[in-house]
Amino acid sequence: MDALELLKKMITVNTVNPPGNERALAVLLFELLEKNGFTCQLQELGNGRANLIAEFSAGPGLELMLNGHLDVVPAPGPWSHDPFDPVAREGRIYGRGACDMKGGIAAMCTAAIRTVHRGGPKSGRLKLLFVADEECSNLGIRRYLSDDPGGDYAIIGEPTDMEIAAAHRGVSRDYIDIFGPARHAALPQGEGVSAIEKSAEAIEAIQKLNQKLEEYKHPLLPSPGIAITMLKGYEKDNVVPGQVRMLTDFRILPGMSQAEAEAFLKQGLCQAGIEETQITSHFFMPGGELPLSDPFLKQMLEIRERISGRKHKAQAFDASCEQCFLTEAGIKTVICGPGSLLQAHTVDEYLEIGQLETAVEFYEAAIAAILGTETLKKVV
C-alpha cells in the first residue's frame, strides 16, 4: 500500500465545498478498503454527498477511530498548475487538499490496510470515519453522531505538523444588525444617531470586549477574541442608511456555550449605549479539548516521541475542527496529522512527503497500542 499514490488519486477527485460532491471520493475509498477486508458503509447525505464508515472487528475490546474530512476549500488564485492534477517535486506533493486533509486520510487508510495485512488488530474494533462538509457546516459528523454510535478513542488527521494537539477553540459567528434613523445625505446632522455612527461605536465596544477577553486563560489555547469580518450598510449614494449589518467571528474557549457568547456580545454593546440591535446566529461550533492528564493523550505523545526520537508536548490546534463533536459524544480524541496549517487553504498547497510517511508510521503504532494489547483500558 503506497500512501503517496493513494493521495494523488484522492486529489484528482474534486470535493470543493460548496457543493462538496464528497460521495465520489467516499466510493473510491469504499472500494479500496472493502477489497482489503473492511466492512464498509456509505452514509448518504443527498446531493452527491456521503460519509464513509469502514470497520475491521477483532472481537470484544476497545474502539479506535481514525477520522478525517473529505471536502476541501475552493482553489482560486494563480496556481502554478491545475490544483486537481497533483504534482510531486522536491520532496513535496502539490494539490488542493494535499495538506488539508487528504494527506491525513491517505496515511490513515495505508496504516489501516497494512495493519490488517499483518494480522491485526488483535482485539476490539478499528474504525475509519471520513465525513463530508467539515469546511462549512459539519453536516457529515452531525449525521454520523445522530445515530449515537458511541466509541472509545479517536485521532483526527488534521494538519498539525505531526504534533499531538489536545484542544481547539470554538467559533460563534453572529450577524449584528444596528438600527438608526435613515435620512437624506444632504441632512447628515438630522435628529438621532445614525446606524453608521452607532456601528463605529460598536467597533470600539468590541475592541473593549477583546481587552476583557484577554483575562480568560487556558493551559494550551490563546485567549478568546472577536473579529469583525463584514460591515455592510449601503442603501443608495444619497441616503444615510437606517441599518448596518456586521458579522463577527468570536473564537471561544471550550465550555463556552452559544448563549453565553451571544450574551457576552450583547452586554458589551449595551454597556456602550448601543441598544437598538438584533443579534442573529450565523454559525456555531463549540471548543474541544482532552485534559492534559488523560492517559490516551499521554500514550499518543509517547508513541510520537518513540518515532521521532525527541520530546513532544501536547499542542493547541490553531483552527477549529471536529474534535469538539467527538468529545461531546464521549470519545476521547486527539488531533494529529501530516502537513502544516500554514499550507492549508493556500495557493499551491503542498504536503511534505516525509511527513506523509511519518503519519503512516504513527497511525500504525497507535492502532497497535490500542487494539493490539491490553495495556490501555478505557478511563471513565
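Report follows, based on the coordinates. Please read these numbers as outputs of a predicted model, since none were measured by experiment.

## A look at the pairing of strand 3 (residues 63-69)
On a regular strand, each side chain points to the face opposite its neighbour's, so the side chains alternate between the two faces of the sheet. Counting buried residues in strand 3 gives seven out of seven residues, a clear majority hidden from the surface. Residues Glu63, Met65, Asn67 and His69 point to one face of strand 3 and Leu64, Leu66 and Gly68 to the other, with burial holding for every one of them. Pairing of strand 3 with strand 6 (residues 125-131) involves seven bridges; the strand directions are parallel. For asparagine 67, the partnering residue across the bridge sits in strand 6 and is leucine 129.

## Looking at the sheet that holds strand 11 (residues 225-232)
Spatial ordering of the open sheet is given by 11-13-9-14, a layout of four strands whose pairing is antiparallel. For this open sheet the edge positions go to strand 11 and strand 14 (277-285), each flanked by a neighbour on one side alone. Here the average twist between neighbouring strands, direction ignored, is 20°. Of the strand pairs in this sheet, strand 9 (residues 170-179) and strand 13 (residues 243-252) are connected by 10 bridges, and their pairing is antiparallel. Note that in strand 13 the partner of isoleucine 176 across the bridge is methionine 246.

## Digging into the pairing of strand 1 (residues 39-46)
Alignment of strand 1 against strand 2 (residues 49-57), held across seven bridges, turns out to be antiparallel. Following the sheet pairing, threonine 39 is matched in strand 2 by glutamate 55. The antiparallel hairpin formed by strand 1 and strand 2 contains two residues in its connecting segment, where asparagine 47 sits at a positive phi of about 55°.

What counts, and where the lines are drawn
- Residues numbered from 1 in each chain as written.
- Predicted model: local features only at pLDDT ≥ 70, side-chain atom pairs only at ≥ 80, totals over all residues.
- Heavy atoms only, no water.
- Buried < 20%, exposed > 50% of the residue type's maximum accessible area, 1.4 Å probe, protein only.
- Helix = DSSP H or I, 4+ residues; strand = E, 2+ residues; numbered from the N terminus.
- Pairing = 2+ DSSP bridges.
- Axes fitted to C-alpha atoms, helices over the stretch in contact; angles between N-to-C directions.

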